[in-house]
Amino acid sequence: MKGLELSRQFYEGWGKPMLMEQFSEYIPFIAAGMAGEGSDCFGYDDEISRDHDFEAGFCLWIPDRLERELEFKLSRAYGKLPEEFMGVKRAPASFGAGNRRGVILTGDFYRRFTGRPGLPESLMEWLYTPEYSLACAVNGAVFQEADGEFCRVRKELQKGYPEDVRRKKMAARVIFMAQAGQYNLGRCLKRGERGAAALCLTEFVQNALSLLFLLNGKYMPYYKWSFRAARELSAEMEQAGRLTEKLTFLVTEGLCSDEAEKRARETVEEICRELLDELRAQGLTDGPWDYLEPHAYEIMERIQDGEIRNLHVMEG
């Protein structure tokens, strides 16, 4: 059983009855679910990942304003739930210790991922908040919604980056792809610098993956889950699965032989063409060039906010 389903059943079987019996007047303000760090929050947990931080727990998010009134009492009640559920142990919760599960103040939860007790407060804050942090803030599932800040912030974050920030990040990804994949890869191979060529492919693939998520209005998770998450984008972007396989080839086989090197350079161009088609379809560029770099500046010109538009094209 996946960690998300385990947590849901633990909440339905023990957490929800506890709340109804002991905290019924607070139920409208308590959100329950599981989200944050960990492969189980993304639904990616397996036998390998369960050797650490895997437990039969769930989160109870409460408003900051109820800290003095509710946090300690609810934490004690959560601590009295069964120490094991369906053969999986529940890690002991420490009051006020920044737990991943148990009772969590809404502000503390979001501060871990946005640096704020809620949403980033400016476009510049949005720009420099890491994608993987935002992915953690909105992953998992909410089993019981609540009135208040937690669900409001979560729903806003799930909308993705503000459009000007999304465009700025896409411009940066596009120019890095141009320099690493379309320009420097071939030059490094001609010089026999295979190590540098491998770094070019890595740089190209990382930026292409990020662009794929940005085109879908999603946040790319931590690198070790990025390929798996990218394959799941195919439901929203038809070519996502095909592009992900091509990107996988580049980092696993792209330089293993002379023939692979030739195919790698061809694959880079194929990926660039497919992503350019999507950029054009979204009205982000209409230039005729095959080389990506001028498209980065086209995207920059479509940014409305002057401060964001005037940043260096590679920032973000």
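Above this note sits the structure.
In what follows, the accompanying structure is described. Keep in mind that what you see is a predicted model, and the values were worked out from it rather than measured. (Residues numbered from 1 in each chain as written. Predicted model: local features only at pLDDT ≥ 70, side-chain atom pairs only at ≥ 80, totals over all residues. Heavy atoms only, no water.)

1. Describing the packing of aromatic side chains
Each aromatic ring pair is characterised by the separation of its centres together with the angle its planes make.
Part 1 of the reasoning: Throughout the structure, instances matching the rule amount to 18 aromatic pairs.
Part 2 of the reasoning: Ring centres 5.1 Å apart and planes at 70° place the aromatic pair Phe109 and Phe113 in the edge-to-face group. With Phe109 and Phe113 both in helix H4 (residues 106-114) and four residues apart, the pair spans about one turn of that helix.
Part 3 of the reasoning: For Phe109, a relative accessible area of 0% puts it in the buried group.
Part 4 of the reasoning: One aromatic cluster in this structure is built from Phe10, Tyr11, Phe58, Tyr78, Phe85 and Phe143.
Part 5 of the reasoning: In this structure, Arg65 is placed above the aromatic ring of Phe29, and the distance from its NZ or CZ to the ring centre is 5.1 Å. (Phe/Tyr/Trp six-rings, centres within 6.5 Å; stacked < 30°, edge-to-face > 60°. Helix = DSSP H or I, 4+ residues; strand = E, 2+ residues; numbered from the N terminus. Buried < 20%, exposed > 50% of the residue type's maximum accessible area, 1.4 Å probe, protein only. Lys NZ or Arg CZ within 6 Å of the ring centre and 35° of its normal.)

2. Digging into the sheet that holds strand E6 (residues 141-144)
Part 1 of the reasoning: Taken in spatial order, the four strands make up an open sheet running E5-E2-E1-E6, and their pairing is mixed. Only two strands of the sheet have a single neighbouring strand rather than two, namely strand E5 (102-105) and E6. Within this sheet the neighbouring strands show an average axis-to-axis angle of 35°, counted without direction.
Part 2 of the reasoning: Direction of pairing for strand E1 (residues 31-34) relative to strand E2 (residues 59-62): antiparallel, over a ladder of three bridges. Of the residues in E2, the one forming a bridge with Ala31 is Trp61.
Part 3 of the reasoning: Its contacts with the sheet place helix H1 (residues 3-22) against E1, E2 and E6, and it is angled at close to 25° to E6.
Part 4 of the reasoning: H4 rests against E2 and E5 of the sheet, and its axis sits at about 75° to E5. (Pairing = 2+ DSSP bridges. Axes fitted to C-alpha atoms, helices over the stretch in contact; angles between N-to-C directions. Contact = heavy atoms within 4.5 Å.)

3. Here we look at the pairing of E2
Part 1 of the reasoning: Of the two faces of E2, both are covered, the one formed by Cys59 and Trp61 as well as the one formed by Leu60 and Ile62.
Part 2 of the reasoning: In terms of strand pairing, E2 meets E5 through four bridges, oriented parallel. Counted as the bridge partner of Ile62 is Leu105 from E5.

4. A word on the packing of helix H8 (residues 163-190) against helix H13 (residues 293-301)
A pair of packed helices can be characterised by two numbers: the angle between their axes and the separation between those axes.
Part 1 of the reasoning: Contact pair H8 / H13: the axes reach a minimum separation of 8 Å and the direction vectors enclose 170°. In terms of their interaxial angle, H8 and H13 are classed as roughly antiparallel. Judged by residue contacts, Arg167, Lys168, Met170, Ala171, Val174, Ile175, Ala178 and Gln179 of H8 engage Glu293, His295, Ala296, Tyr297, Ile299 and Met300 from H13.
Part 2 of the reasoning: Partitioned by chemical class, the residues of the contact of H8 with H13 number nine nonpolar, two polar and three charged. (Parallel < 35°, antiparallel > 145°, perpendicular 65-115°, else oblique. Nonpolar A, V, L, I, M, F, W, Y, C, P; charged D, E, K, R; others polar.)

5. Quick word on a positive patch on the surface
Part 1 of the reasoning: Judged by side-chain charge, Arg187, Lys190, Arg191 and Arg265 come together as a positively charged surface patch.
Part 2 of the reasoning: Structurally, Arg191 can be placed in the loop between H8 and helix H9 (194-215).
Part 3 of the reasoning: When its relative accessible area of 59% is taken as the criterion, Arg191 is described as exposed. (Patch = residues over 30% accessible without salt bridge, like charges linked within 9 Å, V, L, I, M, F, W, Y side chains within 5 Å. Areas by Shrake-Rupley, 256 points an atom, 1.4 Å probe, with all protein chains shown as cover. Salt bridge = Lys/Arg side-chain N within 4 Å of Asp/Glu carboxyl O. Lys, Arg positive; Asp, Glu negative; His and termini not counted. Charge placed at Lys NZ, Arg CZ, Asp CG, Glu CD.)

6. So, the environment of Asp64
Part 1 of the reasoning: For Asp64, the position within the fold is in the loop between E2 and helix H3 (67-79).
Part 2 of the reasoning: It is 18 Å that separates the C-alpha atoms of Asp64 and Met34, two residues lying 30 residues apart in sequence.
Part 3 of the reasoning: With near-sequence residues (within four places) excluded, Asp64 lies in contact with Leu105, Thr106 and Gly107.
Part 4 of the reasoning: Only 3.4 Å separates the side chain of Asp64 from the backbone nitrogen of Thr106, close enough to count as a polar contact. (Polar contact = N/O pair within 3.5 Å; in protein donor to acceptor, adjacent residues only side chain to side chain.)

7. What to know about the pattern of salt bridges
Part 1 of the reasoning: According to the stated counting rule, one finds 22 salt bridges in the structure shown.
Part 2 of the reasoning: Across the pair Arg166 and Glu163 runs a salt bridge whose closest N-O atoms are separated by 3.0 Å. Here Glu163 and Arg166 lie together in helix H8, a separation of three residues that amounts to about one turn.
Part 3 of the reasoning: Since its relative accessible area comes to 32%, Glu163 is described here as partly exposed.
Part 4 of the reasoning: A network of salt bridges, in which partner residues are shared, links Arg242, Lys246, Glu270 and Glu274.

8. Some details on the packing of H8 against helix H12 (residues 258-281)
Part 1 of the reasoning: At a minimum axis separation of 11 Å, H8 and H12 run at an interaxial angle of 160°. The orientation of H8 with respect to H12, classified from their angle, is roughly antiparallel. As H8 packs across H12, the resulting crossing turns out to be left-handed. Between H8 and H12, the contacting residues are Met170, Val174, Met177, Gly181, Gln182, Leu185, Gly186, Leu189 and Lys190 on the first element and Glu261, Arg265, Val268, Glu269, Cys272, Leu275 and Leu279 on the second.
Part 2 of the reasoning: Its residues assigned to classes, the contact of H8 with H12 comprises nine nonpolar, three polar and four charged. (Left-handed = near helix turned anticlockwise from the far one by under 90°.)

Treat this as a map of the structure, not an account of what it does.
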